[in-house]
Amino acid sequence: MKPKEIIARRIAKEFKDGDVLNLGFGIPNLSAAYLPADVKVTLQAENGALKFGPPPTEETLNPDYSNSGGMPLTFQKGASTFSMLTSFAIIRGGHVDCTALGALEVDQEGSIANWMVPGVLAPGMGGAMDLLVGAKRVIASLQHCDKHGNSKVLKKCTLPLSAKSCLDLIITDLAVFEFQAGKLLLVETAPGVSVEDVLAKTEADVIVSDNVKVMDI
């Protein structure tokens, strides 16, 4: 299984029945394809839509339907569309139960950097800042290491922050972390990945849970 699929499948396990969810660009959006059959959620697109479903097939693709990242989407029965002003009123008003966002870096303080690499042209932060402080629960998702093998799970982020100390959970292709006493708490490892593998590839300070589980994906 590819790293992005591991992360997307694990994100979907965090969805709770009745939740209003916002999924960020990239890997989080892919998690809509793995919605548990027995869990009913309302997905929100920050460009102005509620109750969209999994990515379309070739037969169901409608070029006029897309999320804020330009990725095509499908609408479920009872879906609605509205202005971006209304969409951000939903976010800022605290009506989003959970958001899952991609990240460039995360750290043990619960901070996230997910919008800019210095020297690289960036379109802007988009709605990330609003979601990180407006959603009731925040999940960060990212591949654990960069292409050079360097950890992206750090003691302290080095890139410009999107928000500070806002995360509730970190999901990577190697592990799932919660937070405890200013450190990361390792609670799950990916199939075939040992605790020692995770520790060797993580710069942040890590507390190993007494009951580390294997990801259910």
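The rules behind the values
- Counting starts from 1 at the beginning of each chain's written sequence and moves along it residue by residue.
- With pLDDT at 70 or above as the cut-off, local features in this predicted model cover only qualifying residues; side-chain atom pairs require 80 or more to be listed or tallied, and sums for whole chains, interfaces and linings still use all residues.
- Side-chain descriptors were evaluated using all non-hydrogen atoms of the structure, hydrogens and water having been removed beforehand.
- UniProt positions are given in the numbering used here, feature names are shortened, and annotations may be inferred rather than shown by experiment.
- Residues are said to line a cavity or pocket when one of their atoms sits within 4 Å of a point; the points come from a 1 Å grid over protein atoms alone, cavities being sets where a 1.4 Å probe fits but cannot get out and pockets being open sets with protein on both sides within 12 Å along at least five of seven lines.
- Grid points are joined across faces, edges and corners, and a volume is the space filled by probe spheres set on the points.
- Under the DSSP-based scheme used, a helix requires at least four consecutive residues in state H or I and a strand at least two consecutive residues in state E, with every element numbered from the N terminus.
- Classification convention: Asp, Glu, Lys, Arg as charged; Ala, Val, Leu, Ile, Met, Phe, Trp, Tyr, Cys, Pro as nonpolar; all other residues, Gly among them, as polar.
- Throughout this description, buried means an accessible area under 20% of the type-specific maximum (1.4 Å probe, protein chains only), exposed means over 50%, and partly exposed covers the range between.
- Two strands are counted as paired when DSSP detects at least two bridges linking them.
- Our working definition of a disulfide is a cysteine sulfur pair at a distance within 2.5 Å.
- We call a set of buried Ala, Val, Leu, Ile, Met, Phe, Trp, Tyr and Cys residues a nonpolar core when their side-chain atoms join them within 4.5 Å.
- Any two residues whose heavy atoms approach within 4.5 Å at even a single point are treated as in contact.

- Under the annotation held in an unreviewed UniProt entry, the chain carries the name 3-oxoacid CoA-transferase subunit B and is attributed to Ignavigranum ruoffiae.
- Under the Sequence similarities (unreviewed entry) heading, UniProt states for the chain: "Belongs to the 3-oxoacid CoA-transferase subunit B family."

## So, the layout of surface pockets
- What the largest pocket holds in volume is close to 650 Å³.
- Lining the largest pocket are 26 residues, with Gly24, Phe25, Gly26, Gly102 and Asn114 positioned closest to its centre.
- For the lining of the largest pocket, the elements supplying multiple residues, two or more each, are helix H2 (27-30) and strand E5 (98-102).
- Per-element tally for the lining of the largest pocket: the top contributor is H2, with 3 residues.
- Residue composition of the lining of the largest pocket, by class: 13 nonpolar, 10 polar and 3 charged.
- Of the pockets and cavities examined, the second largest pocket occupies roughly 170 Å³.

## Re the pairing of E5
- In terms of burial, E5 is a largely internal element, 4 of the 5 residues being buried.
- Looking at chain direction, strand E1 (residues 20-23) and E5 are connected through 3 bridges and run parallel. Its bridge partner being in E5, leucine 23 is matched across the sheet by alanine 100.
- Bridge count between E5 and strand E8 (residues 138-141): 4 bridges; the pairing is parallel. The residue of E8 that forms the bridge with leucine 101 is alanine 140.

## Quick look at the state of the cysteines
- Counted under the stated rule, the structure contains 0 disulfides.
- No disulfide involves cysteine 145; its sulfur sits 15 Å from that of cysteine 157, the nearest cysteine.
- Cysteine cysteine 157 is unpaired, with the sulfur of cysteine 166 as its nearest cysteine sulfur at 9.3 Å.
- Residue class for cysteine 157 comes out buried when judged on its relative accessible area of 13%.

## Thoughts on the sheet that holds strand E7 (residues 112-113)
- Taken together, the 3 strands give an open sheet; going across it, the order is E7-E6-E9, and neighbouring strands pair in mixed fashion. The sheet is open, and its two edges are formed by E7 and strand E9 (153-154), each paired on a single side.
- The sheet contact formed by strand E6 (residues 105-107) and E9 spans 2 bridges and is parallel. Each residue of the ladder has a partner; that of aspartate 107, found in E9, is leucine 154.

## Concerning the pairing of E1
- Because side chains alternate across E1, one face comprises the buried residues Val20 and Asn22, and the other comprises Leu21 and Leu23, equally buried.
- In terms of strand pairing, E1 meets strand E2 (residues 42-45) through 3 bridges, oriented parallel. Looking across to E2, one finds that valine 20 is bridged to threonine 42.

## Remarks on the nonpolar core
- One finds Phe15, Val106, Ile112, Leu167 and Phe177 to be the most contacted residues of the largest nonpolar core, which totals 55 residues.
- Tallying contributions element by element places helix H1 (residues 3-12) first for this core, with 5 residues.
- When neighbours within four sequence positions are excluded, leucine 167 is seen to be in contact with Val106, Gly110, Ser111, Ile112, Val138, Ala140 and Phe179.

## Topic: the environment of isoleucine 91
- Mapped onto the elements, isoleucine 91 comes out in helix H3 (residues 84-92).
- For the pair isoleucine 91 and asparagine 22, spaced 69 residues apart in sequence, the C-alpha to C-alpha distance is 8.9 Å.
- Apart from the residues lying within four places of it in its own chain, the contact partners of isoleucine 91 are Asn22, Gln44, Glu46, Val96, Asp130, Leu131 and Gly134.

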